[in-house]
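Working through the structure, step by step
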Amino acid sequence: MSKQGPANRPVRALKAGGPPALITAGIAIASTGIAGQGLEKETRPIATAVASFIGLDPQLGPLLLLGIAVLILPVAVVMPGLFEDHPSH
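Topic: the packing of helix H2 (residues 37-53) against helix H3 (residues 61-78)
Packing of H2 against H3 leaves a shortest axis separation of 8 Å and a crossing angle of 80 degrees. If you check the angle between H2 and H3, you find them roughly perpendicular. When H2 is examined against H3, the residues Arg 44, Ala 47, Val 50 and Ala 51 are found in contact with a partner set consisting of Gly 61, Pro 62, Leu 64 and Leu 65. Considering only residue class, the contact of H2 with H3 consists of 6 nonpolar, 1 polar and 1 charged.

Here it is, written out as C-alpha cells:
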C-alpha cells in the first residue's frame, strides 16, 4: 500500500491546493483595491475578465475569484492530483 492513506490526505491537499488557492485569493483581494491602487490596476483586469468569461457582471470578478479560492481546497482534498505537478502512483 502507498503512503497516501487517509491521514496524509489533508497534508497532500494543502500542499497541492494551497498555492493555487492563495494565488487566486490574492488576486481577488488585490483587485478590490484593499492592497493599494497599483495592485488593483494590475489585478482588476484578471478579475473582470474571469467574470465576463463565464457571463457574470464584471464587477463581481473579485467575489467570484474569492469563491473559487475557497472551493479549491475542498476539491484538493477529494482530488489532489488535479493540482500536483506530477500524478502520484
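Notes on the side chain of Glu 40
Within the secondary structure, Glu 40 sits in helix H2. According to the relative accessible area criterion, Glu 40 is buried, its value standing at 17%. In contact with Glu 40, not counting residues within four places along its chain, are Ala 30, Ser 31, Thr 32, Gly 33 and Pro 45.

Calculation notes
All chains use their own residue numbering, which begins from 1 and follows the written sequence. Per-residue local features of the predicted model are confined to residues with pLDDT of at least 70, and side-chain atom pairs are confined, for both listing and counting, to 80 or more; whole-chain, interface and lining totals are unaffected and use all residues. Side-chain numbers come from the whole structure's heavy atoms, not from hydrogens or water. Axis lines are fitted through C-alpha atoms, for helices just across the contact stretch, and the angle between N-to-C directions can take any value from 0 to 180 degrees. Numbered from the N terminus, helices here are DSSP runs of H or I no shorter than four residues, and strands are runs of E no shorter than two. An angle below 35 degrees is treated as roughly parallel, one above 145 as roughly antiparallel, one from 65 to 115 as roughly perpendicular, and anything else as oblique. By the convention used here, residues are in contact when the closest approach between their heavy atoms is within 4.5 Å. Amino acids are sorted into nonpolar (Ala, Val, Leu, Ile, Met, Phe, Trp, Tyr, Cys and Pro), charged (Asp, Glu, Lys and Arg) and polar (every other residue, Gly among them). Burial classes: relative accessible area under 20% of the type maximum marks a residue as buried, over 50% as exposed, and values in between as partly exposed (1.4 Å probe, protein chains only).

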